[in-house]
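Given next are the chains, with one letter for each unit.
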Amino acid sequence: MDENKSYSNKIASAEEIVTKVLFEGANIVYSNAATCPQAFNEALYNLRNKIPFVNIFHVLYYAKALHMTPEMVGAVRVINNFMEKQARTAYAEGIVDYLPCHFHEVPSLFTNGFYIPDIAVIQVAPPDSEGYCSLGLSCDYTLPATQIAKTIVAEINPNMPRVGGRKNTIHISKINHIIEVNYPIISVPPAPIGETEAKIGENVATLIGDGATLQLGIGAIPDAVLRNLEDRKDLAVHTELLSDGVMNLMKKGVVNGSRKKLQPGKVVTAFVTGTPELYKFLDGNPDVELYPVDYTNDPNTIAAIDNFVAINSAIEVDLFGQVNAESIGSKLFSGSGGQVDFLRGTKKSKGGFSVIALPATAAGGKISRIVPRITQGGLVSSGRNDVDYIVTEYGIARLRGKTMCERAKALIGIAHPNFRNELEAFAKEQIGYFKLRYNSK
């Protein structure tokens, strides 16, 4: 009875809670991606002329981003660690600020005082019989934020799947304010796989053997890779982001984690994005565990797993092996995410390696994505010393252990044929010893 009373006493409207908890200069953290709070954010927008100035940090926000609109300028400062479509537009308009860091370092922003959360606003499942609310699809930096913030506001949603067991929970006693909601969990449909993505998927899959542990993101290329792995045995998954393609291989028994020594038999991730079918599959599934991103993406964790294969994407790669995964010229497009975390971790994994997979061209074949140098104004997400395999639809280039001219030759070989002559011309002029090495056997 006392617990029920305590629960009911915490319930209020989003507007009441916004008015009560905000103070000048407060640091707010929103939970990530599909679990982003919607009712609180809408109330914040509706009360924008009455609230004190606050800061809001998050990585991905998948709902309607009212806090990233021109009307909110002067009421909130939004700080992102990754650019999805809405944030990209807001950043270009000067509404959003960007905080660059590797994904595994985000919780340390909180603990080391760079951005100390005063208020964590999260979306969770209703409490179980013992009072624990599942954080559902987002553990990553969400759980660490709740462990530091003095005030926790929870949107309790009966549609939120319970994923990851007791480790991915918060007890109702730790929640200060409750907003009861009942909206659908945001879903993301699989990207269509075209001819180019299919060929890249085939090429990447040739590198992956039985018993490998995989890290993949979301999108057509990761899904194309997974489609080509149905004949493999005893694959495992340890990733920052789990999507539908992994579910399909779990159902077929291809992904079972039986050879993985760290969390054997478990699929490990930091957060989940996908379809309602995926969410239903994960609800109460004991084979899937969620952890904070400073564990999943810690290069030391990755290094402890044998035969780890990390597959990531890029916007462009230059002939020196530098990878730009964040910007189109000077226009910020996404973020580094956990790419470097996994590139560095796999280098120390016994039998492990990393793959950067990308189409050879963009803009309908008019622009090469294998470039002489990173485009002017572009950002280097992964340095040349961290990069291993580069894969396009034209083949596979391994850069690790290769000299400058050997790298250039390998990358030119997987560029679109229409651009190879100009790439060779640059290499002969700018990369010492290239001409001699290129003409030798």
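Look up: the structure comes first, before these words.
Residues numbered from 1 in each chain as written. Predicted model: local features only at pLDDT ≥ 70, side-chain atom pairs only at ≥ 80, totals over all residues. Heavy atoms only, no water.

1. Examining the side chain of Thr213
- For Thr213, the location among the structural elements is in strand E10 (residues 213-215).
- The exposure class assigned to Thr213 is buried, which follows from its relative accessible area of 1%.
- Look past the residues within four positions of Thr213 in its chain and what remains in contact with it is Ala236, Val237, His238, Lys260, Ile305, Asp306, Asn307, Phe308 and Val309. (Helix = DSSP H or I, 4+ residues; strand = E, 2+ residues; numbered from the N terminus. Buried < 20%, exposed > 50% of the residue type's maximum accessible area, 1.4 Å probe, protein only. Contact = heavy atoms within 4.5 Å.)

2. Here's the deal with the pattern of salt bridges
- The full count for this structure, using the stated rule, is nine salt bridges.
- We note a salt bridge from Glu202 to Lys199, for which the minimum N-O separation is 3.7 Å. One end of the pair is Glu202 and the other is Lys199, both in helix H7 (residues 195-205) and three residues apart, which spans about a single turn.
- The class of Glu202 is partly exposed, set by a relative accessible area of 37%.
- Arg398 serves as the salt-bridge partner of Asp388, at 2.6 Å between the closest nitrogen and oxygen. Taken together, the positions of Asp388 in the loop between strand E24 (370-371) and strand E25 (389-392) and Arg398 in strand E26 (residues 395-398) put the pair ten residues apart, joining distant regions of the chain. (Salt bridge = Lys/Arg side-chain N within 4 Å of Asp/Glu carboxyl O.)

3. Re the side chain of Thr296
- Here Thr296 lies in helix H11 (residues 293-296).
- Excluding residues within four positions of it along the chain, Thr296 makes contact with His238, Thr239, Val268, Thr269, Ala270, Tyr291, Ile302 and Phe342.

4. Regarding the sheet that holds strand E1 (residues 26-30)
- If you trace the seven strands from one edge of the open sheet to the other, you get E4-E3-E2-E1-E5-E7-E9, paired in parallel fashion. Only two strands of the sheet have a single neighbouring strand rather than two, namely strand E4 (96-98) and strand E9 (177-180). Sheet twist, expressed as the average angle between the axes of neighbouring strands with direction ignored, equals 25°.
- Each of strand E5 (119-124), strand E7 (151-156) and E9 touches helix H2 (residues 14-21); the most contacted strand, E9, lies at about 155° to it. (Pairing = 2+ DSSP bridges. Axes fitted to C-alpha atoms, helices over the stretch in contact; angles between N-to-C directions.)

5. Regarding empty space enclosed by the protein
- By the definition in use, this model includes two cavities of 30 Å³ or more.
- Its volume calculated, the largest cavity comes out at about 50 Å³.
- Lining the largest cavity are Val188, Pro189, Pro190, Ala191, Ile218, Gly219, Asp223, Ser243, Asp244, Thr273 and Gly274.
- Grouping the amino acids of the lining of the largest cavity by side-chain chemistry returns five nonpolar, four polar and two charged.
- Of the voids in this model, the second largest cavity is the one considered here, and its volume is about 40 Å³. (1 Å grid on protein atoms, 1.4 Å probe; cavity = no way out; pocket = protein on both sides within 12 Å on 5 of 7 lines; lining within 4 Å. Points joined across faces, edges and corners; volume = space filled by probe spheres on them. Nonpolar A, V, L, I, M, F, W, Y, C, P; charged D, E, K, R; others polar.)

6. A short note on the pairing of strand E2 (residues 54-58)
- Of all the five residues making up E2, five are buried; the element is thus mostly covered by neighbouring parts of the structure.
- For E1 and E2, the ladder comprises four bridges, and the chain directions are parallel. Each bridged residue has a counterpart across the sheet, and for Ala26 the counterpart in E2 is Val54.
- Summarising the sheet, E2 and strand E3 (residues 76-80) pair through five bridges and their orientation is parallel.

7. Structural notes on the packing of aromatic side chains
- Tallying each qualifying case throughout the model produces ten aromatic pairs.
- Ring centres 5.9 Å apart and planes at 75° place the aromatic pair Phe57 and Tyr141 in the edge-to-face group. Residue Phe57 is found in strand E2, and its partner Tyr141 is found in the loop between strand E6 (132-134) and helix H6 (142-148); the two are separated by 84 residues along the sequence. Residues Phe57 and Tyr141 agree in their burial class; the two are buried.
- Between Phe308 and Phe342, the aromatic rings sit 5.9 Å apart at their centres with planes inclined by 40°, giving tilted as the arrangement. Highlighted residues: Phe308 in strand E16 (residues 308-313) and Phe342 in helix H13 (residues 339-347), separated in sequence by 34 residues.
- Classification of Phe342 by relative accessible area gives buried; the value is 0%.
- Put simply, the rings of Phe57, Phe110, Tyr115 and Tyr141 touch in pairs and so form one group of aromatic residues. (Phe/Tyr/Trp six-rings, centres within 6.5 Å; stacked < 30°, edge-to-face > 60°.)

8. Examining the sheet that holds E26
- Strand order in the open sheet formed by six strands is E11-E10-E16-E21-E25-E26, with mixed pairing between adjacent strands. Two strands bound the open sheet, and with one partner strand each, they are strand E11 (236-237) and E26.
- Bridge count for E10 against E16 is three bridges, and the pairing is parallel. Counted as the bridge partner of Leu214 is Val309 from E16.

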